[in-house]
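Read off the chains here:
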Amino acid sequence: MATNQLDDKTLTELREIAARYPEPRSGLLPMLHLVQSAQGRITPEGIEACAAILDISAAEVSGVATFYTMYKRHGVGDYHVGVCTNTLCAVMGGDEIFARLKDHLEIGNDEVAVKRQGDSRTVSLEHIECNAACDYAPVVMVNWEFMDNQTPESAVQMVESLRAGHEVSSTRGPRLCTWREAERVLAGFPDGRVDEGPTAGEASLAGLRIARERGWTAPDPEQVPAVEAGEGEA
Amino acid sequence: MSTLTPVLTDTWDAEQGWKLETYAARGGYSSLDVAFAMSPDDVITAVKDSGLRGRGGAGFPTGMKWSFIPQDNPKPKYLVVNADESEPGTCKDIPLMMGNPHVLVEGVIVSSYAIRANKAFIYIRGEVVHVIRRVQAAVAEAYAAGHLGKDIHGSGYDLDVVVHAGAGAYICGEETALLEGLEGRRGQPRLRPPFPAVAGLYASPTVINNVESIASVPAIVSNGAAWFASMGTEKSKGHGIFSLSGHVQRPGQYEAPLGITLRELLDLAGGVREGHQLKFWTPGGSSTPLLTAEHLDVPLDFEGVGGVGSMLGTRALQVFDETVCVVRAVLRWTEFYKHESCGKCTPCREGTWWLVQALTRLEHGQGSEDDLDQLLDQCDNILGRSFCALGDGATSPISSSIQHFRDEYLAHLSHGGCPFDPARSTAWAGQEVSA
Ligand SMILES: Cc1cc2nc3c(=O)[nH]c(=O)nc-3n(C[C@H](O)[C@H](O)[C@H](O)COP(=O)(O)O)c2cc1C
Ligand code: SF4
Ligand code: FES
């Protein structure tokens, strides 16, 4: 990357994002996602470009970029691996998974592992907070796709597959794309992978399966007596 | 009477349940014409009569919130869906949007119609790319089918929906911080009043509701308020998704009438992990005070859980068995609050830092029993003095754990450290092949 200037396509798309909103500044969060997609991180040039389009100061954009944890000042790997170490996942084994991955990749939190000879892709590692998948604990996210019910061994195998350039799929989602490609989806530019993966994972279906077995349903609307008007206001 | 009542989860076992075709084949989007045949005020009345209370944690009556929108205010009105789902333990909105995004879009249309909004936003936490794909696609399909856009179903009503990805900040689940994020600013809560209903997004009248609240609206409109109110308890009506996680045989999502108990849910889920017993649990995420086996029969509705000193919250039932050190669990949550404190007010910014220091010392077995009381004092200095509910929430696990497990804190002091072996708590504990 000789120059860090954003290309015309990206600049056009940044303006497109701002135009989705009644007030352009509302586009800033997705715009910063697009900057990350185009440049691999939040660059000074990306900050300047957003500031110019929104007619605010670079300091204001920078203040926003530093507030949110998904924005990275330094680069991440092609595959950014997040291990949930919030209490529930930590207890279920997330702490062990995170420790094993640090050890295996020989890096600390929020660092990129060395690209070894023969690796075709890079990985980075971070411990993350609850990712709303606690029923699949311990949870690992790769480029913000779910890798449910991990163990230290499965996590090590997964990062090795990723480094080798093998295709890896989310346990209830699509084939993994790169971090930069994922950032583009977050900016509001779909990538055509929406129809991959199931409707729901197994844990999500736990209650529904029992209801189906036992014939349990919500009440039949025909069988319900009418409510007296105003009852809900009590 | 059915113990479980799948409504929002009912399509999750469908092949490609996220597609409009699947959803429409099951009667999807039929509430639109029912609503358009009613006046917006009548839709609000129906939601009021149903007794629906907010599913995002606080349980505020949804119809009443909508009625606060001043219709004489000439500014545009907005609906904002809170899809930030980040409260530790909470994991219902994410599978809902992944498996059944159209029910949310349908709910957005009917709810926006009721409050006379022509623009709605769905603010989804950024860390769930596939969920965002599914909601983006659902919105695009709804436009193509004429459920969104201009003159929807020939009703004369127009609505545009923007799907907005956040960027990692628990505080953006707090509704006024969310609005800041949606306006392209740092997510720090706003002073209230004015409330968002009067001056919310772009200082215009704004309704902010949780994903599950909005997704509950289509069935209320189609099946009637009485149908919804026939489920649940006297003051906590309807169905809700209960999320079981942790040391249970079959963790997952269980959609049931409000008022079901943890004992009943555990029965369905195959009980606590084999060979172990329930030690403590959260009824509605980490910000709701911990409960114990003593509370297995508490009705999981707003009043029932409130009555035992906790909160129903988001029905995030995180279950921990006797292998888990409560001090370790609480310290980790406290580190979370410290990390997520937005820094706007001193009690929370400084307080959560001190709480982590104090708990870390205790976990290492340092200090004396007096430090426990000091910890409780620190909680008193945060609770009720913070600018928003994040600070209050940070004290919940601490004070409730000291209340129920004071001896365990003391055991750390007498033991000179943690007496528990974390390896015994993992999902794979006891499964290792022994040599
Ligand atoms: C720190 C904090 C985080 C919150 N996170 C969420 C969230 O992720 N999702 C949500 O719907 N409500 C969350 N809330 C509650 C919202 O402020 C608001 O009450 C809710 O979105 C209103 O919707 P409802 O009435 O439909 O429940 C949070 C509140 C606080 C204080
Ligand atoms: S209580 Fe915490 S999160 Fe809320 S405004 Fe104060 S510092 Fe920010
Ligand atoms: S605690 Fe890890 S996903 Fe919720």
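So, how was this worked out
Residues numbered from 1 in each chain as written. Chains lettered and ligands numbered in written order. Predicted model: local features only at pLDDT ≥ 70, side-chain atom pairs only at ≥ 80, totals over all residues. Heavy atoms only, no water. Helix = DSSP H or I, 4+ residues; strand = E, 2+ residues; numbered from the N terminus. Buried < 20%, exposed > 50% of the residue type's maximum accessible area, 1.4 Å probe, protein only. Contact = heavy atoms within 4.5 Å. Areas by Shrake-Rupley, 256 points an atom, 1.4 Å probe, with all protein chains shown as cover. Lys, Arg positive; Asp, Glu negative; His and termini not counted. Charge placed at Lys NZ, Arg CZ, Asp CG, Glu CD. Buried area = accessible area lost by both parts, 1.4 Å probe. Salt bridge = Lys/Arg side-chain N within 4 Å of Asp/Glu carboxyl O. Polar contact = N/O pair within 3.5 Å; in protein donor to acceptor, adjacent residues only side chain to side chain. Near = heavy atom within 4 Å. 1 Å grid on protein atoms, 1.4 Å probe; cavity = no way out; pocket = protein on both sides within 12 Å on 5 of 7 lines; lining within 4 Å. Sits in = over half its atoms within 2 Å of the grid points. Nonpolar A, V, L, I, M, F, W, Y, C, P; charged D, E, K, R; others polar. Points joined across faces, edges and corners; volume = space filled by probe spheres on them. Pairing = 2+ DSSP bridges. Axes fitted to C-alpha atoms, helices over the stretch in contact; angles between N-to-C directions. Domains from an automatic or database assignment.

K.L.:
Whenever I open this one, the overall build of chain B confuses me. Can you help?
P.N.:
The secondary structure content of chain B amounts to 18 helices and nine strands. Taking the principal axes of its C-alpha atoms as reference, chain B extends roughly 75 × 45 × 40 Å. Counting all 435 residues of chain B, 65% fall into the buried class. The contacts in chain B between residues at least 6 apart in sequence include a share of 70% that link residues at least 24 apart. Carbon and sulfur atoms make up 51% of the accessible area of chain B, which amounts to about 14300 Å² in all. Taking the average location of the 35 positive side-chain charges in chain B and that of its 50 negative ones, the two points are 5 Å from each other.

K.L.:
It is not clear to me how the interface of chain B and chain A should be interpreted in this structure. Could you clarify?
P.N.:
Quoted interface sizes are often the accessible area lost when the parts come together. Taken together, the 95 residues of chain B in the interface contact 88 residues of chain A. Across the interface of chain B and chain A, roughly 7200 Å² is buried in total on both sides, 60% from carbon and sulfur atoms. The largest per-residue losses of area from chain B upon contact with chain A belong to Arg133, Ala167 and Trp428 of chain B, which jointly make up 10% of the total buried on that side. Counting across the chain B and chain A interface gives seven salt bridges. The salt bridge involving Glu145 of chain A is made with Arg133 of chain B; its shortest N-O contact spans 2.9 Å. Here chain B is connected to chain A by 43 residue pairs in polar contact (both at pLDDT 80 or more). Top contributing element to the side of chain B that touches chain A by residue count: helix α7 (residues 129-144) of chain B, with eight residues.

K.L.:
Honestly, the site of ligand 2 in this entry has me stumped. Any pointers?
P.N.:
Residue and element names in this part refer to chain B. Neighbouring ligand 2 are 13 residues; Cys342, Lys344, Cys345, Cys348 and Cys388 lie closest to it. Most atoms of ligand 2, that is more than half of them, are within 2 Å of grid points of the largest cavity. For the shell around ligand 2, a count of residues per class yields eight nonpolar, four polar and one charged.

K.L.:
Before we go on, may I ask you to explain the site of ligand 1 in this structure?
P.N.:
Residues and elements named next belong to chain B. As a matter of local geometry, ligand 1 sits amid 18 residues, with Gly56, Asn82, Asn209, Asn210 and Ser213 nearest to it. Between ligand 1 and Gly56, the relevant distance is 2.7 Å, taken from an oxygen atom to a main-chain nitrogen or oxygen of the residue. Within the backbone of Glu175, a nitrogen or oxygen atom sits 3.0 Å from an oxygen atom of ligand 1. Considered on its own, ligand 1 offers 610 Å² of accessible surface; in the complex 88% of this is hidden by protein.

K.L.:
Help me understand empty space enclosed by the protein, please; the structure alone is not making it clear to me.
P.N.:
The gaps of empty space that remain are located by a probe, the size of a water molecule, rolled over the atoms. Residues and elements named next belong to chain B. Going through the model one piece at a time under the given rule, you end up with three cavities of 30 Å³ or more. Estimated volume of the largest cavity: approximately 80 Å³. Lining the largest cavity we find 14 residues, and of these Ser341, Cys342, Cys345, Cys348 and Cys388 sit closest to its centre. Residue assignment for the lining of the largest cavity shows that the elements contributing at least two residues are α16 (346-363) and α18 (389-415). Split by residue class, the lining of the largest cavity holds eight nonpolar, four polar and two charged.

K.L.:
Looking at this model, I keep getting lost on the layout of surface pockets. Mind explaining?
P.N.:
All names here are of chain B. Within this model, the largest pocket holds a volume of roughly 1400 Å³. Lining the largest pocket are 47 residues; nearest its centre among them are Gly56, Gly57, Ala58, Gly173 and Glu174. Secondary-structure elements contributing two or more residues to the lining of the largest pocket are α9 (196-199), β4 (206-210) and α18. Of the residues that constitute the lining of the largest pocket, the class distribution is 17 nonpolar, 19 polar and eleven charged. Taken as a whole, the second largest pocket spans an internal volume of roughly 530 Å³. Lining the second largest pocket are 27 residues, and of these Val7, Asp10, Arg26, Ala219 and Asn223 lie nearest its centre. Elements represented by at least two residues in the lining of the second largest pocket include exactly α2 (30-36), α6 (101-115) and α11 (217-223). The element contributing the most residues to the lining of the second largest pocket is α11, with four residues.

K.L.:
What should I look at first to understand the sheet that holds strand β9 (residues 316-321) of chain B in this one?
P.N.:
Note: strands within a sheet are paired through backbone hydrogen bonds, in either parallel or antiparallel orientation. Reading across from one edge, β6-β5-β9-β7-β8 (chain B) is the order of the five strands in this open sheet, with mixed pairing throughout. Edge strands, defined here as strands with exactly one partner in the open sheet, are β6 (252-257) and β8 (291-292) of chain B. Relative to β9 of chain B, strand β7 (residues 278-282) of chain B runs antiparallel, the two sharing four bridges. When the bridges of β9 of chain B are listed, Leu278 of chain B appears paired with Asp321 of chain B. Across the face of the sheet, helix α5 (residues 87-105) of chain A comes into contact with β5 (239-246) and β9 of chain B while running at roughly 40° to β9 of chain B.

K.L.:
Is there a simple way to explain the domain arrangement of chain B in this structure?
P.N.:
All names here are of chain B. The assigned domain composition of chain B is domain 1 (20-229), domain 2 (239-321) and domain 3 (326-422). Here domain 1 and domain 2 have C-alpha centroids that lie 27 Å from each other. The interface of domain 1 with domain 2 comprises 19 residues on the first partner and 17 residues on the second. In total, domain 1 and domain 2 occlude about 1400 Å² of area from one another, counting both sides; carbon and sulfur atoms represent 51% of this. Linking domain 1 with domain 2 are two salt bridges. A salt bridge links Arg315 to Glu212; its shortest N-O distance comes to 3.0 Å. Between the two partners, domain 1 and domain 2, sit twelve residue pairs in polar contact (both at pLDDT 80 or more). Considered class by class, the residues forming the side of domain 1 that touches domain 2 number seven nonpolar, seven polar and five charged.

K.L.:
Sorry if this is basic, but what is going on with the environment of Ala218 of chain A here?
P.N.:
Within the secondary structure, Ala218 of chain A is located in the segment after α8 (206-214). Under the relative-accessibility criterion, Ala218 of chain A is labelled buried at 15%. Among all residues touching Ala218 of chain A, those that are not within four sequence positions of it are Thr5, Pro6, Val7, Trp227 and Met231 of chain B.

K.L.:
What exactly am I supposed to notice about α8 of chain A here?
P.N.:
Because an α-helix completes one turn every 3.6 residues, residues spaced three or four positions apart along the sequence face the same direction. If you check which residues of α8 of chain A are buried, you get Ala206, Gly207, Leu208, Ile210 and Ala211 of chain A. Those residues of α8 of chain A hidden inside the fold are in contact with β6 and α13 (262-268) of chain B. Once α8 of chain A finishes, Gly215 of chain A follows within two positions and takes phi at roughly 70°, a positive value.

K.L.:
Sorry if this is basic, but what is going on with the sheet that holds β4 of chain B here?
P.N.:
Residues and elements named next belong to chain B. The four strands lie next to each other as β3-β2-β1-β4, forming an open sheet whose pairing is parallel. The sheet terminates laterally at β3 (160-165) and β4, the two strands that pair on one side only. Across this sheet, the average inter-strand angle for adjacent strands is 20°, counted without regard to direction. Here six bridges tie strand β2 (residues 117-124) to β3, and the two strands are oriented parallel to one another. Counted as the bridge partner of Tyr123 is His164 from β3. The strands that α6 touches are β1 (77-83), β2, β3 and β4; relative to β1, the one it contacts most, it runs at about 150°.

K.L.:
What exactly am I supposed to notice about the pairing of β5 of chain B here?
P.N.:
On a regular strand, each side chain points to the face opposite its neighbour's, so the side chains alternate between the two faces of the sheet. Residues and elements named next belong to chain B. Judged by how many residues are buried, β5 sits mostly within the fold: eight of eight residues are covered. Joining the antiparallel neighbours β5 and β6 is a turn of five residues. Across four bridges, β5 lies against β9 in parallel orientation. Note on β9: the bridge partner recorded for Ser243 is Ala316.

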